[in-house]
Amino acid sequence: MENIFTRAARVIKEHRLTRRWKRVISVLAAAVVFCTTYALILPAMTAERQPICGMEAHTHTEECFENGIQVCGKEEHVHTEECYPKSRGLTVGVIVGGQS
């Protein structure tokens, strides 16, 4: 037969173990929430970036040519990282269209 002190020690030990597991699960849940939120925001941040190269993105297709002659009048250009500003934060004092 188990006495009261042995039973109390077992209950306290189980309680500590349960508390540790709750902490581990809470930290993992917070990491999942953070990563999911970041993954959902990242495409929006990328879409907001405006190219600074001054060129329109264009890839030639069959419609751009007639009898082997280019008729679309556009230069082929694919935006790369060099086409976007280096900083992703807010920029103060940027001159846009001749205005500050």
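Here, the structure is the one placed above.
As a starting point, this report considers the structure included with it. (Residues numbered from 1 in each chain as written. Predicted model: local features only at pLDDT ≥ 70, side-chain atom pairs only at ≥ 80, totals over all residues. Heavy atoms only, no water.)

1. Some details on the overall build of the chain
In terms of regular secondary structure, the chain is built from one helix and two strands. The N-to-C order of helical and strand elements in the chain reads α-β-β. When the 100 residues of the chain are sorted by exposure, 6% land in the buried category. Long-range contacts, defined here as pairs at least 24 residues apart, represent 42% of the contacts in the chain between residues at least 6 apart. Here the chain displays about 9,300 Å² of accessible surface, and carbon together with sulfur accounts for 62% of that area. (Helix = DSSP H or I, 4+ residues; strand = E, 2+ residues; numbered from the N terminus. Buried < 20%, exposed > 50% of the residue type's maximum accessible area, 1.4 Å probe, protein only. Contact = heavy atoms within 4.5 Å. Areas by Shrake-Rupley, 256 points an atom, 1.4 Å probe, with all protein chains shown as cover.)

2. Things to note about unusual backbone geometry
At Asn67, a position not held by glycine, the phi torsion is positive, near 55°. Assignment of secondary structure puts Asn67 in the loop between strand E1 (65-66) and strand E2 (69-70). When its relative accessible area of 82% is taken as the criterion, Asn67 is described as exposed.

3. Some words on a nonpolar patch on the surface
Judged by side-chain polarity, Leu17, Trp21, Val24, Ile25 and Leu28 come together as a nonpolar surface patch covering roughly 510 Å² of accessible area. As for its placement among the helices and strands, Ile25 is situated in helix H1 (residues 4-48). (Patch = residues over 30% accessible without salt bridge, like charges linked within 9 Å, V, L, I, M, F, W, Y side chains within 5 Å. Salt bridge = Lys/Arg side-chain N within 4 Å of Asp/Glu carboxyl O.)

4. Description of the state of the cysteines
Within this structure, the stated rule accounts for zero disulfides. For Cys72, which is in no disulfide, the shortest distance to another cysteine sulfur is to Cys64 and amounts to 3.7 Å. The closest cysteine sulfur to the non-disulfide-bonded Cys83 is located on Cys53, 3.6 Å from its own sulfur. Residue classification places Cys83 among the buried positions, given a relative accessible area of 5%. (Disulfide = S-S within 2.5 Å.)

5. Overview of the side chain of His77
Structurally, His77 can be placed in the segment after E2. The class for His77 is buried, based on a relative accessible area of 14%. Apart from the residues lying within four places of it in its own chain, the contact partners of His77 are Cys53, Met55, Glu56, Ala57, His58 and Cys83.

6. A word on the side chain of His58
Mapped onto the fold, His58 is located in the loop between H1 and E1. Residue class for His58 comes out buried when judged on its relative accessible area of 15%. At 3.3 Å, the side chain of His58 forms a polar contact with the side chain of His60. Filtering out sequence-adjacent residues up to four positions away, His58 remains in contact with Cys64, Cys72, Lys74, Glu75, Glu76 and His77. (Polar contact = N/O pair within 3.5 Å; in protein donor to acceptor, adjacent residues only side chain to side chain.)

7. Description of the pattern of salt bridges
Under the defined criterion, the tally for this structure stands at two salt bridges. In this structure, Glu14 engages Arg10 in a salt bridge whose closest nitrogen and oxygen atoms are separated by 3.5 Å. In this pair, Glu14 and Arg10 both sit in helix H1, four residues apart, roughly one turn of the helix. For Glu14, a relative accessible area of 43% gives the class partly exposed. The class of Arg10 is partly exposed, set by a relative accessible area of 36%. Between Glu56 and Lys74 there is a salt bridge; the shortest N-O distance is 3.5 Å. Here Glu56, found in the loop between H1 and E1, pairs with Lys74, found in the segment after E2; they are 18 residues apart in sequence, far enough to count as distant. The exposure class assigned to Glu56 is exposed, which follows from its relative accessible area of 53%.

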